[in-house]
Amino acid sequence: MNTQKTLKNINPYLAGKSKITGKKGVIKLSSNESPFGPSANVLAKIKTISNSTNRYPESGSLKLKDSISKRYNLNKNNIFCANGSDEILGLICQLYLTKGDEVIIPKNSFLMYEIYSKINNAKVINSKTLDYRVDTKNILKNINKKTKIIFIANPNNPTGLYIDKFDLDSFIKKIPKRIIIVLDAAYAEYLNNHDYENGMKYVRDNNNVIVTRTFSKIYGLASLRLGWCYANLEIIALLDKIRGPFNVNSIAQEAGAIAILEKGIEKKLIAHNEKWLKKIKTEFIKLPVTVYDSQANFIFIKLVKGVSQQKKLNKHLLSHSIIIRTLDNYNMSDCIRVTIGTEKENKLLIKSFKSFFKNEK
Ligand SMILES: Cc1ncc(COP(=O)(O)O)c(C=O)c1O
């Protein structure tokens, strides 16, 4: 049971800043959202469906599951849809955790893993990272009889770094089958790297692997809250038992069912991201900052002069109407994360960074 005492030790999730008082036309690069809206087809559908919000949504997200299974050639019975992948992370913790259990989360990972684990009274063990990279060997070292779940974001938020498929292959083989492995692939669409594996194959070969995905990033549907996971039938049945009866609203279901099949649009969005990810990195590398090789729709940066420089840079960018993500609540106060925006936004971002570091010298 949750007690107020348990909750006292949990810091609520702080979302990326979205407004600057007194400023209009703000450039929001703080939450890894798509800078583009949903496609024209998706928008048209959203408008039509919004006329029928007096009705409850279809309870099993069946049409959406059809689209997902078609797109990725998956058995639709192995798919579970939810109110954001966030909801799935919470449900997994609710299903598998109780007091005395341990969860392994690599240091510098997405914060919700820790929050949901603690809400469910588990002890969080942070495995060590190597210059922010997940160290699978260190995760293995931390496994004991109490370990129930291992969470891995691949690529990771907030670093954008990923575990390559060779490392992941041998890691998954070494994990006892009684431990649930959550592979969070929220940013999978953005990666074309030959050594990246989104995790679907591990679900086919292992009953203890759950892959989570989201519509909040490439599909530009963050506000509708839509996520899904792929797992073995037993896990799906358990998730179905504990979810709310109408956990995915009808607008999200219909929008997602269209968006996931628009491969051509997705390809263009990926190309935009690839182009600007490379361009921004190239420009930032010329500056006195440490630029990590992030592979998602954001870039992770460390400020060589630490937290005081982070604060100064953030202030400077805010004065140029640019909101980035400072990582204080990740205990990484000397680092920032910047989402790839539109062409115009990216150009302004580069310009503002350059003007800041010109005065820093
Ligand atoms: C790694 C990771 N997992 C999950 C989520 C949550 O996604 P959703 O919007 O589907 O809840 C995010 C959101 O930023 C994320 O970065």
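Just so you know, these numbers come straight off a predicted model, no measurement behind them.

(A) Layout of the overall build of the protein chain. Summing up its helical and strand segments, the protein chain has 13 helices and 15 strands in all. Computed over the C-alpha atoms, the radius of gyration of the protein chain is 20 Å, within 12% of the 21 Å expected from 2.2 N^0.38 for a compact globule of 361 residues. In the protein chain, buried positions account for 44% of the 361 residues.

(B) Summary view of the sheet that holds strand β15 (residues 335-339). Sheet architecture is open: four strands sit in the order β11-β12-β15-β14, paired in antiparallel fashion. In the strand order of this sheet, the two ends are held by β11 (289-291) and β14 (325-326), each with one partner. Pairing geometry for β11 and strand β12 (residues 298-303), over three bridges, is antiparallel. In the strand pairing of β12, V291 is matched with I301.

(C) Molecular detail of the sheet that holds strand β9 (residues 209-214). One open sheet accounts for seven strands, arranged β2-β10-β9-β8-β7-β3-β4; its pairing is mixed. The sheet is open, and its two borders are formed by β2 (79-82) and β4 (123-127), each paired with just one other strand. The average angle at which neighbouring strand axes cross in this sheet is 20 degrees, direction not considered. Pairing analysis gives five bridges linking strand β7 (residues 147-153) to strand β8 (residues 180-184), with the strands arranged parallel. From the neighbouring strand, F151 faces β8, where its bridge partner is V182. This element, helix α4 (residues 85-96), spans β2, β7, β8, β9 and β10 (227-230) of the sheet and lies at about 155 degrees to β9.

(D) Representation of the site of the ligand in the model. What surrounds the ligand is a group of 13 residues, the closest being G84, D86, N157, T214 and S216. Classifying every residue of the shell around the ligand by side-chain character gives four nonpolar, seven polar and two charged.

(E) Representation of α4. The end-to-end C-alpha separation of α4 is 17 Å, in line with the 16 Å expected for twelve residues at 1.5 Å each. Summarising burial for α4: nine of the twelve residues are buried, a large majority. Residues S85, D86, E87, I88, L89, G90, L91, I92 and C93 constitute the buried set of α4.

(F) Layout of the nonpolar core. One finds F80, I92, V182, I210 and I301 to be the most contacted residues of the largest nonpolar core, which totals 96 residues. Per-element tally for this core: the top contributor is helix α10 (residues 250-259), with six residues. Viewed by domain, this core spans two of them, domain 1 (16-37 + 264-360) and domain 2 (40-262), each represented by three or more residues. Discounting chain neighbours no more than four positions away, the residues touching I210 are I92, I180, V182, C229, A231 and I235.

(G) How the structure looks around the domain arrangement of the protein chain. Parsing the protein chain into structural domains produces domain 1 (16-37 + 264-360) and domain 2 (40-262). With centres defined by C-alpha atoms, the gap from domain 1 to domain 2 works out at 26 Å. Contacts between the two partners involve 26 residues from domain 1, matched on the other side by 22 residues from domain 2. Those elements giving two or more residues to the side of domain 1 that touches domain 2 turn out to be α11 (263-285) and β12. When grouped by side-chain class, the residues that make up the side of domain 1 that touches domain 2 number twelve nonpolar, nine polar and five charged.

Parameters and conventions
- Residues numbered from 1 in each chain as written.
- Predicted model: local features only at pLDDT ≥ 70, side-chain atom pairs only at ≥ 80, totals over all residues.
- Helix = DSSP H or I, 4+ residues; strand = E, 2+ residues; numbered from the N terminus.
- Rg over C-alpha atoms; globule rule 2.2 N^0.38 Å.
- Buried ≥ 20, exposed ≤ 12 C-beta atoms within 10 Å, placed from the backbone.
- Pairing = 2+ DSSP bridges.
- Axes fitted to C-alpha atoms, helices over the stretch in contact; angles between N-to-C directions.
- Contact = placed C-beta atoms within 7 Å.
- Near = placed C-beta within 6 Å.
- Nonpolar A, V, L, I, M, F, W, Y, C, P; charged D, E, K, R; others polar.
- Expected span 1.5 Å × (residues − 1).
- Core = buried A, V, L, I, M, F, W, Y, C linked by C-beta atoms within 7 Å.
- Domains from an automatic or database assignment.

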